[in-house]
Amino acid sequence: MPQSPSSLPPSPARPPVFRVDIPLLPESAVGNALQLIDLLRGANLLAGLRMGAQAPRMAWRLLDAGGLPLASLPGPLAAYTPAGDTAAPSAPAHALFIPSFHAADIPAIRAVAARHRALSRQLGIALDAGQKLLTVGNGAWLAAQSGRLNGRQASLPWFYIAGFERDFPGIGHSLGRDLSDDGPWLSCALPHSVNLLAIALVRHALGEELAAACETVMAPDHQRARAALQANAQQHIPATRDSTLARAIAWMEAHLDQPYSLARLAEAASVSTRTLLRHFQQELSQSPLDYLHGLRCRRAKVMLEVTLESVPSVAVACGYADPAAFRRIFARYTGMAPAEYRKRHALRAPRRRWRVEIS
């Protein structure tokens, strides 16, 4: 006997979707749009790893100059269209992304903006509805032409600032910054900062913790790269690193899991212990042991993020025979316990969600 609707189990709630509409003009730098979509796909991957099927996610639509969705693209570009989400087509967007466009000079930029006043009016309507507006480079002209952004600040390339200021004197400039995050308007000066734009959008849309996870993998972090290499015992010290501090640091990096000995460290740096202590204090304002703790904690952060090793195992791999001492030091350097750090920053799915495929 079929169940009545009231007796059916409730369907699981759909995870929230934050959708970005991306109008593409004939003059648009399409690569900006595809770069943003790739970053949003990466954000979805991280959200899924951390939170499973109920993770909130980013979605997108590519639109033509008239605001209509583009047809599916062929071949390897098919992943960029259609919408990237299963939300109802009538559901409103939460943000609009305006790529930079190709124009040879300021008069050409003004001509493009004049041809697309209808889009600027749509941007104004979106801002009035509480949507976010993201721009790259000269895409700021289309945003500013909406008339809704006076009193806001934009990040622009230096070679556009004079012309933009003449056209829109009521808008300020975030000088010396690659990204401006000013209320409803997120802008970056150049395409190389689209990753910063994506991270800022994730922060607004999905929260601080997911934004921090995105920043871990989308923003350059040379110290983290070094710690990852050291964790795998693959570091090769360049021959050009030959200062006292460089020799000492290189030795510490190669022996992170060994007990600390100031005498052995000074011998590796070819100086006395007194000279070594003076160098560290003068140049780094800390002792060699304090610096070593910092190196070990960076390795521990990498291991907590990308492995399933237990905290005691991570402690041993980072040179701490006593897990309790490791926990105290890690908390002092990072502001949280190792288990809490792993909970917030782990880049691997929990073991219960691992899939086994049998061929």
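Overview of the structure. (Residues numbered from 1 in each chain as written. Predicted model: local features only at pLDDT ≥ 70, side-chain atom pairs only at ≥ 80, totals over all residues. Heavy atoms only, no water.)

Here we take up the nonpolar core. If you look at the biggest cluster of nonpolar residues, it comprises 40 residues, and the most contacted ones within it are Val 20, Ile 22, Phe 97, Leu 197 and Leu 201. Within the residue set of this core, elements represented by two or more residues are strand S1 (17-23), helix H1 (30-51), strand S2 (57-63), strand S3 (95-98), strand S4 (132-136), strand S8 (185-188), helix H6 (194-206) and helix H7 (208-218). Considering each element in turn, this core owes the most residues, nine residues, to H1. Dropping the residues within four chain positions of it, Val 20 is found in contact with Leu 40, Met 58, Ala 59, Trp 60, Arg 61, Ala 95, Leu 96, Phe 97 and Leu 201. Ranked by size, the runner-up nonpolar core spans 27 residues in total, among them Leu 25, Leu 96, Leu 133 and Leu 149. (Core = buried A, V, L, I, M, F, W, Y, C linked by side-chain atoms within 4.5 Å. Buried < 20%, exposed > 50% of the residue type's maximum accessible area, 1.4 Å probe, protein only. Helix = DSSP H or I, 4+ residues; strand = E, 2+ residues; numbered from the N terminus. Contact = heavy atoms within 4.5 Å.)

A few words now on the environment of Arg 226. Looking at the element boundaries, Arg 226 is found in helix H8 (residues 222-231). Along the primary structure Arg 226 and Arg 298 are separated by 72 residues, whereas in three dimensions their C-alpha atoms are 9.1 Å apart.

Turning our eyes to something else, we now look at the packing of H1 against H7. When two helices pack together, their arrangement is given by the angle between the helix axes and the distance between those axes. Following both chains from N to C, one finds H1 and H7 inclined at 120°, their axes separated by 10 Å at the closest point. Relative to H7, H1 is oriented oblique. For the element pair H1 and H7, the recorded crossing hand is right-handed. Here Leu 39, Gly 42, Ala 43, Leu 46, Ala 47, Arg 50 and Met 51 of H1 come into contact with H7, specifically with Glu 209, Leu 210, Ala 213, Cys 214, Val 217 and Met 218. (Axes fitted to C-alpha atoms, helices over the stretch in contact; angles between N-to-C directions. Parallel < 35°, antiparallel > 145°, perpendicular 65-115°, else oblique. Left-handed = near helix turned anticlockwise from the far one by under 90°.)

Moving on, we come to the sheet that holds S8. Strand order in the open sheet formed by six strands is S2-S1-S3-S4-S8-S7, and the pairing between neighbours is mixed. Among the strands making up the open sheet, the edge pair consists of S2 and strand S7 (179-182). Along the sheet, successive strands turn relative to each other by an average axial angle of 15°, direction set aside. Bridge count for S3 against S4 is four bridges, and the pairing is parallel. (Pairing = 2+ DSSP bridges.)

It is worth spelling out the pairing of S2 at this point. The buried count for S2 comes to six of seven residues, which makes it a mostly enclosed element. In terms of strand pairing, S1 meets S2 through seven bridges, oriented parallel. When the sheet's bridge partners are listed, Val 17 is paired in S2 with Arg 57.

Once that is clear, we can look at the pairing of S3. Going residue by residue along S3, you find Ala 95 and Phe 97 tucked away on one face and Leu 96 and Ile 98 tucked away on the opposite face as well. Of the pairings in the sheet, the one linking S1 to S3 comprises two bridges and is parallel in character. Bridge pairing links Asp 21 to Leu 96 in S3.

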